[in-house]
Amino acid sequence: MDPKYAYIGVFDSGLGGISVLSHLVKTLPHEDFYYFGDTKHNPYGSRTQAEIFELAEGIVRTMIEDQAKAIVIACNTATSAAADRLRELFPTTPILGIEPALKPACIDPACKNVLVMATPKTLSLKKFQTLAESLSSSYHTHVIPLACDELASCIEREDVDSAQLKQLVHELLQPYAHKVDAVVLGCTHYPFVKHDILRELGPIPCFDGAEGLSVHVQDVLTQQDLLNPQAHAGTVTFSSSDTSAHTLDKYQRFFERACAEV
Ligand code: DGL
């Protein structure tokens, strides 16, 4: 098969990466996408780096054996923990990953105090710490990391409108209400509770890396002559390590919700 017609594989520890998928579909409407959510092993954010690598490697290997033409790691945690090694292991397939959108927040002169919400694992890894140190010294920004233990798994489990989820967002963010100038959503689950986050923090700029990543994926496919030439709209197929019908229904609902917001 001509690789141009192959799918782009997208994965996350669960449904969070669907917030990235909605941007990818908007930016690349003629591509076919295959989305895999590892709900069975969610959350990745409290696992060791070795465990995350092992899970991500299994997913990427399966997609590449299935002839995926590119892979998008729609998970900040897996990108930080595993992307570099995955690129070494599978050098012939483009592997692109999402990272906390700290730079666009820091370069905005109005954003002096920037709150970064992410999983404990993303914030503990050297990749994030090096980026935060370099940006805060270049732009004289105060970067405030907030490890949101439980938030991704609560979004995975609950309805986005559940009282439990709203209470968790409130408890996490109350200390920062009206005290920060911008917030970075450094986990792909969090855009699904963006309105609750901004309700707590106040009407401040909110940054996430999904749009920038989608443009980057488009650039890489263009450079490698891998854009799908089909004239009709591409397809989106969902799959999960949790095979219950309820999970795939949920992915579909979250996809519709995410597409309505991009
Ligand atoms: N959605 C993922 C991220 O962007 C991870 C959430 C989790 O599994 O802890 O980091």
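Refer to the structure printed above.
Owing to the predicted nature of the structure, the values given are computational and were not obtained by experimental measurement.

**Description of the overall build of the protein**
In terms of helices and strands, the protein carries eleven helices and nine strands. Its C-alpha atoms give the protein a radius of gyration of 18 Å, within 12% of the compact-globule value 18 Å for 262 residues. The buried share of the protein, reckoned over its 262 residues, is 54%. Within the protein, residue pairs in contact and separated by at least 24 positions form 78% of the contacts whose partners lie at least 6 positions apart. Accessible surface, the protein: about 11700 Å² in total, of which carbon and sulfur atoms supply 52%. Computed over 21 positive and 33 negative side-chain charges, the inter-centroid distance for the protein is 3 Å.

**Things to note about the site of the ligand**
Looking at the ligand, there are 14 residues lining it, with S13, Y44, G45, T77 and H189 nearest. At a separation of 3.4 Å, an oxygen atom of the ligand approaches a polar side-chain atom of N42. Between the ligand and N76 there is a distance of 2.9 Å, counted from an oxygen atom to a backbone nitrogen or oxygen. In isolation the ligand exposes 300 Å². Once the protein is present, 99% of that is buried. Its residues placed into classes, the shell around the ligand shows five nonpolar, eight polar and one charged.

**Section: helix α1 (residues 18-27)**
Among the ten residues that make up α1, seven are buried, leaving the element largely enclosed by the rest of the structure. The set of residues buried in α1 consists of I18, S19, V20, L21, S22, H23 and L24. In this fold, the buried residues of α1 make contact with β1 (8-12), β2 (33-37), β3 (70-73), α10 (210-223), β9 (236-240) and α11 (245-261).

**Some points on the packing of α1 against α10**
As a packed pair, α1 and α10 sit with axes 9 Å apart at the nearest point and diverge in direction by 45 degrees. Accordingly, the angle class assigned to the pair α1 and α10 is oblique. Regarding α1 and α10, the two cross each other, and that crossing is right-handed. Where α1 abuts α10, its residues S19, V20, H23, L24 and T27 lie against A210, E211, L213, S214, V215, V217 and Q218. Of the residues that constitute the contact of α1 with α10, the class distribution is six nonpolar, five polar and one charged.

**A closer look at unusual backbone geometry**
The peptide bond linking N42 to P43 adopts the cis configuration, its omega dihedral lying at 0 degrees. As for its position among the elements, P43 is in the loop between β2 and α2 (49-65). Although it is not a glycine, H178 adopts a positive phi angle of roughly 60 degrees. Summarising the element assignment, H178 is placed in the loop between α8 (163-173) and β7 (182-185). With relative accessibility at 63%, the residue H178 sits in the exposed group.

**Some remarks on the packing of aromatic side chains**
Counted according to the given criterion, the structure contains six aromatic pairs. An aromatic cluster of three or more residues is present, and its members are Y35, F238, Y251 and F255. We note R85 situated over the ring of F53; from NZ or CZ to the ring centre the distance is 3.8 Å.

What counts, and where the lines are drawn
- Residues numbered from 1 in each chain as written.
- Predicted model: local features only at pLDDT ≥ 70, side-chain atom pairs only at ≥ 80, totals over all residues.
- Heavy atoms only, no water.
- Helix = DSSP H or I, 4+ residues; strand = E, 2+ residues; numbered from the N terminus.
- Rg over C-alpha atoms; globule rule 2.2 N^0.38 Å.
- Buried < 20%, exposed > 50% of the residue type's maximum accessible area, 1.4 Å probe, protein only.
- Contact = heavy atoms within 4.5 Å.
- Areas by Shrake-Rupley, 256 points an atom, 1.4 Å probe, with all protein chains shown as cover.
- Lys, Arg positive; Asp, Glu negative; His and termini not counted.
- Charge placed at Lys NZ, Arg CZ, Asp CG, Glu CD.
- Near = heavy atom within 4 Å.
- Polar contact = N/O pair within 3.5 Å; in protein donor to acceptor, adjacent residues only side chain to side chain.
- Nonpolar A, V, L, I, M, F, W, Y, C, P; charged D, E, K, R; others polar.
- Axes fitted to C-alpha atoms, helices over the stretch in contact; angles between N-to-C directions.
- Parallel < 35°, antiparallel > 145°, perpendicular 65-115°, else oblique.
- Left-handed = near helix turned anticlockwise from the far one by under 90°.
- Phe/Tyr/Trp six-rings, centres within 6.5 Å; stacked < 30°, edge-to-face > 60°.
- Lys NZ or Arg CZ within 6 Å of the ring centre and 35° of its normal.

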